[in-house]
Amino acid sequence: MSEDFNEIADGLAAVARGFHARGWLLGTSGNLSAVVQREPLRIAMSASGVDKGELRAEQVLSIDEGARVVSRDGGKPSDESLLHIRIVKERGAGAVLHTHSVWNTILSDLYAADGGLKIEGYEMLKGLQGVRTHEHAEWLPIVENSQDMTTLADTIGETLNKHKAAHGFLLRRHGLYSWGDNLAQAKRHIEILEFLLETIGRTLRIREQSI
Ligand SMILES: [Zn+2]
């Protein structure tokens, strides 16, 4: 493996451990990827079924655009690799991160009938690339979950095309996807969106209790 790959794998493992510590990647859930090279496409992808709190760089696989493993031995790439690849292609992303937090799971269900969730008026929105003011309205689309990854990848492709300004999307009762030009930006976007989702969720609960 190239030095680039090893550095990227180390970076993904560090982000995974941090997100796990926050409860966003429990029970081997979630997955992380970063582009190693574009032509031909090579993506560093976390292996399926590994504990993200203990993810080691050696458990990061190199996959091609068909989600086939092209690196050394062992390991199976995450089932959701096809979704990462689609996001990389549609958005030109350099890294894609996917979390299963309690709040993103709850809100992905609560707002599913609306097809998405509008987040506006929060200072933290300015952490999203290109957003300059808290007055920004971020639309976070919600896509119905499926185990058919080929079909789901197509649905996500259509959703991303329809919502060109979106920085992420939710899969219903499943989790959050976000991405960035590089790993640092993708990590920031997940942190911002998780913060905002938890804020909205907690606000709803407080309002409910005060009625
Ligand atoms: Zn998932």
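The structure presented is a predicted model; accordingly, all values stated were derived computationally and were not measured.

Caption draft 1: Summary view of the coordination of the zinc ion. Note on the zinc ion: its protein donors are Glu80 (OE), His98 (NE2), His100 (NE2) and His174 (NE2). The metal-donor distances range over 2.1 to 2.3 Å. The site at the zinc ion holds 4 donor atoms, and with the angles between them running 89 to 154°, its shape is irregular. Along the chain, the residues donating to the zinc ion fall in the pattern E-x17-H-x1-H-x73-H. Of this pair, His100 sits in the loop between strand 4 (95-99) and helix 3 (102-110) while His174 sits in the loop between strand 7 (168-171) and strand 8 (175-180), and the two are 74 residues apart along the sequence. On the accessibility criterion, His100 (25% relative accessible area) is partly exposed. Judged by its relative accessible area of 11%, His174 falls in the buried class.

Caption draft 2: Quick peek at the pattern of salt bridges. Per the stated rule, a full pass over the model turns up 13 salt bridges. Between Arg68 and Asp64 there is a salt bridge, with the nearest N and O atoms lying 3.0 Å from each other. What makes Arg68 exposed here is its relative accessible area of 53%. The class of Asp64 is buried, set by a relative accessible area of 11%. Across the salt bridge formed by Asp154 and Arg86, the nearest N and O atoms sit 2.8 Å from each other. Here Arg86 lies in helix 2 (residues 81-91) and Asp154 lies in helix 4 (residues 149-162), a separation of 68 residues in the sequence. For Arg86, a relative accessible area of 24% translates into the label partly exposed. Taken together, the shared-partner salt bridges in this structure form one network comprising Asp109, Glu144, Arg172 and Arg173.

Caption draft 3: Just the packing of helix 1 (residues 3-21) against helix 5 (residues 183-210), in detail. At a minimum axis distance of 11 Å, the contact between helix 1 and helix 5 shows a crossing angle of 15°. Compared by their axis directions, helix 1 and helix 5 come out roughly parallel. Judged by the twist between their axes, the crossing of helix 1 over helix 5 is right-handed. Residue-level inspection shows Gly11, Leu12, Val15 and Phe19 of helix 1 in contact with helix 5, the latter providing Leu183, Lys187, Ile190 and Glu191.

Caption draft 4: Seen up close, the pairing of strand 6 (residues 137-143). Summarising burial for strand 6: 5 of the 7 residues are buried, a large majority. Strand direction decides the pairing type here: strand 5 (residues 116-120) and strand 6, joined by 5 bridges, are antiparallel. Directly across from Ile119, in strand 6, lies its bridge partner Glu138. Pairing of strand 6 with strand 7 involves 2 bridges; the strand directions are parallel. Counted as the bridge partner of Val143 is Leu171 from strand 7. Of the crossover connections in this fold, the one passing from strand 6 over helix 4 to the parallel strand 7 is right-handed.

Caption draft 5: Region of interest: the sheet that holds strand 3 (residues 60-63). Judged by pairing direction, the sheet is mixed, and its 8 strands sit side by side in the order 3-2-1-4-8-7-6-5 without closing on themselves. Two strands lie at the open edges of the sheet, namely strand 3 and strand 5, each paired on one side alone. Across the sheet, the axes of successive neighbouring strands diverge by a mean angle of 20°, strand direction being ignored. Pairing between strand 1 (residues 31-37) and strand 2 (residues 42-46): 4 bridges, direction antiparallel. Paired with Ser33 across the strands is Met45, a residue of strand 2. Seen against the sheet, helix 1 touches strand 1, strand 2, strand 3 and strand 4 and runs at an angle of roughly 160° to strand 1. Contacts from helix 3 reach strand 4, strand 5, strand 6, strand 7 and strand 8 within the one sheet, and its direction differs from that of strand 7 by about 75°.

Analysis parameters
Residues numbered from 1 in each chain as written. Predicted model: local features only at pLDDT ≥ 70, side-chain atom pairs only at ≥ 80, totals over all residues. Heavy atoms only, no water. Donors = N, O, S within 2.8 Å, 3.2 Å for Na, K, Ca; no water. Tetrahedral: all angles 85-135°; square planar, octahedral: opposite > 155°, others 65-115°. Helix = DSSP H or I, 4+ residues; strand = E, 2+ residues; numbered from the N terminus. Buried < 20%, exposed > 50% of the residue type's maximum accessible area, 1.4 Å probe, protein only. Salt bridge = Lys/Arg side-chain N within 4 Å of Asp/Glu carboxyl O. Axes fitted to C-alpha atoms, helices over the stretch in contact; angles between N-to-C directions. Parallel < 35°, antiparallel > 145°, perpendicular 65-115°, else oblique. Left-handed = near helix turned anticlockwise from the far one by under 90°. Contact = heavy atoms within 4.5 Å. Pairing = 2+ DSSP bridges. Right-handed = clockwise from strand over helix to strand, strands pointing away.

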